[in-house]
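Working through the structure, step by step
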Amino acid sequence: MSAMSSMLGRGRDRRQLIIALFCTMLLLAWCGLVIYHVRAQHGHVLGDWLLDYRQGFVRRGLIGSMLSGLADVTRLPVTVWVGLAQIAQFVVFIYCLLRVLSGRFKPFWYVLLLLSPATLLFSFFEVSGVGRKETLYFALLTWFVLGLDRQRVTVLQTLVWTAVSVAITLSHELILFYAPYYLIAAMGVPKPQRAQALRAAGIMLLGSWMAGAAVLLLAKPLDGPAFCDTLMQSGLSSTVCQGIVLWKLQDLRSSFDETLLTIRYFGYLKTYAMALVLSLAPVFVWLRRYRPGTVRLHLRWMVAAWAWSSLAFLLAVDWGRFIQIHLVSALVVLALRLRRRDATALAAPSVPRLNVPSTKVRWGLAILCMLPPIFWHMPTCCESGIGGGVAGKAEHGVVAIMRLAGL
């Protein structure tokens, strides 16, 4: 079966086709928004990708140096290369995820997690949410999971994954807080291949740690105004300096104080606790017929990953992004635990069904569980309460049109 037919599904695997169409629409929307960012030279999206080593070894500068080098060689604007990089890594992420899901049962709880406003849809509720650097990590994680799924864990492949993991960490140190998902993915493979998978994950994790230590110990603060001047001298607009380039917080203490102030002022604990409940409650409703021990085991892994990243929640205000990275990471690694369609029924827990007295009631409950994106979404940061979802965005659009029309 070809890769394309595998990703789209065939025969009775209608959920694979639905997921593939959903992901295709996300990819098209992603491309459109990236093109918009490039044309507008949107600093909050492009600025983080433009950081490079022209001032020496600074945080997050590796990928910017690579893209600047490509721009010099090809004479294409560096912002075009940034846009191409943003699209390419999202293509890798979607392609690898669909390949892993092909040939597997997609239980309804997994479909709900995939459609949640806090996972794949999260970035699209805010214009500047598309194109952020965490998708580099998503691409690597799904590539790693695809390798585990296809049992292609060679020494060379491990070295390549590790090199990419180091490069991503030097491009955005936040990724270090989510590196344990490599281990969680490796623990999800069958026992005969588990030792090899864990060895590969451990080497990748070690590489990320070493890169993170280099950033912590050796990187110097960015001189934002001077860097902005060099960008404008190269022909870019001053708008690319908005955001990270001129970000006022350059030390851990200032970041910590700013985060605590934001948490208290906007009521983060209430807002994001509500977002998590709304995201996960429908999932757990449809999980209830799995073996409790299996569910608890996976929950322990996920709780450990959240505990590992807890420092990130104290150093930055983008809690919505941090939560989305966790949930998408869980979505990716749990794909390995879905039962293959050609496996025997005893190979894994059977596909759960909710025990309700009527088919109509079950269908009604299923539709109700799929409606959240219409009515709410999770904010990226600095908002009191959850957002209004698609309906809220549509309402704002109508109001804006009416104002333009003078109504």
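Up top is the structure.
Let us look at the nonpolar core. Core analysis: the largest hydrophobic core is formed by 112 residues, its most contacted members being Phe93 and Tyr110. Per-element accounting of this core gives the leading share, twelve residues, to helix H5 (residues 78–101). Setting aside residues no more than four positions away along its own chain, Tyr110 makes contact with Leu97, Leu101, Leu331, Leu334, Ala335 and Leu338.

Taken as a whole and assessed by the stated rule, the structure comprises 21 aromatic pairs. Seen from their ring centres, Tyr53 and Phe57 are 5.6 Å apart, and the 50 degrees between their planes marks the pair as tilted. We classify Tyr53 as partly exposed; its relative accessible area is 25%. Measuring from ring centre to ring centre gives 5.4 Å for Phe313 and Trp319, while their planes differ by 75 degrees; the resulting arrangement is edge-to-face. As far as burial versus exposure is concerned, Phe313 and Trp319 are alike and both buried. Ring-pair connections join several aromatic residues into one group, and the members of that group are Trp30, Phe90, Phe93, Phe124, Tyr137, Phe138, Trp143, Phe144, Trp161, Tyr178 and Tyr182.

Overall, the coordinates contain four cavities of 30 Å³ or more when judged by the stated rule. Its volume calculated, the largest cavity comes out at about 90 Å³. Lining of the largest cavity is provided by Leu26, Trp30, Phe90, Phe93, Leu120, Ser123, Phe124, Glu134, Thr135, Phe138, Gln324 and Val328. Of all the secondary structure elements, the ones that give two or more residues to the lining of the largest cavity are helix H2 (14–40), H5, helix H7 (134–149) and helix H16 (319–334). Residues of the lining of the largest cavity, tallied by class, amount to eight nonpolar, three polar and one charged. There is about 80 Å³ of room inside the second largest cavity. For the second largest cavity, the full set of lining residues is Leu112, Leu115, Ser116, Pro117, Leu278, Ser279, Pro282, Val283, Cys369, Met370, Pro372 and Pro373.

Let's shift gears to the environment of Val80. Looking at where Val80 falls in the secondary structure, it is placed in helix H5. Accessibility expressed as a relative area gives 29% for Val80, which makes it partly exposed.

Next up on the list: the pattern of salt bridges. Evaluation of the coordinates by the stated rule reveals ten salt bridges. Of the charged contacts, one joins Asp48 and Lys133 as a salt bridge, the two residues approaching to 3.8 Å between their closest N and O atoms. Within this pair, whereas Asp48 is found in helix H3 (residues 43–50), its partner Lys133 is found in the loop between helix H6 (108–115) and H7, the two being separated by 85 residues in sequence. Among the ionic pairs, Asp318 bridges to Arg321, the shortest N-O distance being 2.9 Å. For the pair formed by Asp318 and Arg321, the shared burial category is buried.

Let us now look at the state of the cysteines. Between two cysteines, a covalent bond joining their sulfur atoms is known as a disulfide. With the rule as written, the count across this model stands at one disulfide. The disulfide bridge from Cys228 ends at Cys241, spanning 2.0 Å between sulfur atoms. Disulfide Cys228 to Cys241: torsion about the S-S bond roughly 95 degrees, handedness right-handed. With Cys228 in helix H11 (residues 224–233) and Cys241 in the loop between H11 and helix H12 (252–266), the pair connects residues that are 13 residues apart, well separated along the chain.

For the rest of this paragraph, the subject is helix H10 (residues 191–218). Helix length check: H10 (28 residues) gives 40 Å between terminal C-alpha atoms against 40 Å at 1.5 Å per residue, within 8%. For H10, the elements touching its buried residues are H7, helix H8 (155–171) and helix H9 (180–186).

Viewed as axis vectors pointing N to C, H3 and H5 meet at an angle of 95 degrees, and their least axial separation amounts to 10 Å. Between H3 and H5, the angle is such that the two are roughly perpendicular. On H5, the residues that touch Val45, Leu46, Trp49 and Leu50 of H3 are Val78, Thr79, Val82, Ala85, Gln86 and Gln89. Taken together, the residues of the contact of H3 with H5 sort by class into seven nonpolar, three polar and no charged.

Our focus in this paragraph is a nonpolar patch on the surface. On the surface, Leu206, Trp209, Met210 and Trp308 cluster together into a nonpolar patch covering about 440 Å² of accessible area. For the nonpolar patch, the element with the highest residue contribution is H10, accounting for three residues. Here Met210 shows up in helix H10. By relative accessible area, which is 56% here, Met210 ends up exposed.

Take the side chain of Gln41 next. The residue Gln41 is located in the loop between H2 and H3 in this model. Taking relative accessible area as the criterion, Gln41 reaches 16% and is therefore assigned buried.

Here we come to unusual backbone geometry. Phi is positive for Arg60, which is not a glycine, with a value near 70 degrees. Structurally, Arg60 can be placed in the loop between H3 and helix H4 (62–74). Exposure remark for Arg60: the relative accessible area of 13% places this residue in the buried category. Phi at Gln151 is positive, roughly 55 degrees, even though this residue is not glycine. Along the chain, Gln151 falls in the loop between H7 and H8. Judged by its relative accessible area of 53%, Gln151 is exposed.

Rules of the game
- Residues numbered from 1 in each chain as written.
- Predicted model: local features only at pLDDT ≥ 70, side-chain atom pairs only at ≥ 80, totals over all residues.
- Heavy atoms only, no water.
- Core = buried A, V, L, I, M, F, W, Y, C linked by side-chain atoms within 4.5 Å.
- Buried < 20%, exposed > 50% of the residue type's maximum accessible area, 1.4 Å probe, protein only.
- Helix = DSSP H or I, 4+ residues; strand = E, 2+ residues; numbered from the N terminus.
- Contact = heavy atoms within 4.5 Å.
- Phe/Tyr/Trp six-rings, centres within 6.5 Å; stacked < 30°, edge-to-face > 60°.
- 1 Å grid on protein atoms, 1.4 Å probe; cavity = no way out; pocket = protein on both sides within 12 Å on 5 of 7 lines; lining within 4 Å.
- Points joined across faces, edges and corners; volume = space filled by probe spheres on them.
- Nonpolar A, V, L, I, M, F, W, Y, C, P; charged D, E, K, R; others polar.
- Salt bridge = Lys/Arg side-chain N within 4 Å of Asp/Glu carboxyl O.
- Disulfide = S-S within 2.5 Å.
- Expected span 1.5 Å × (residues − 1).
- Axes fitted to C-alpha atoms, helices over the stretch in contact; angles between N-to-C directions.
- Parallel < 35°, antiparallel > 145°, perpendicular 65-115°, else oblique.
- Patch = residues over 30% accessible without salt bridge, like charges linked within 9 Å, V, L, I, M, F, W, Y side chains within 5 Å.
- Areas by Shrake-Rupley, 256 points an atom, 1.4 Å probe, with all protein chains shown as cover.

Worth remembering: the numbers are spatial, not functional.
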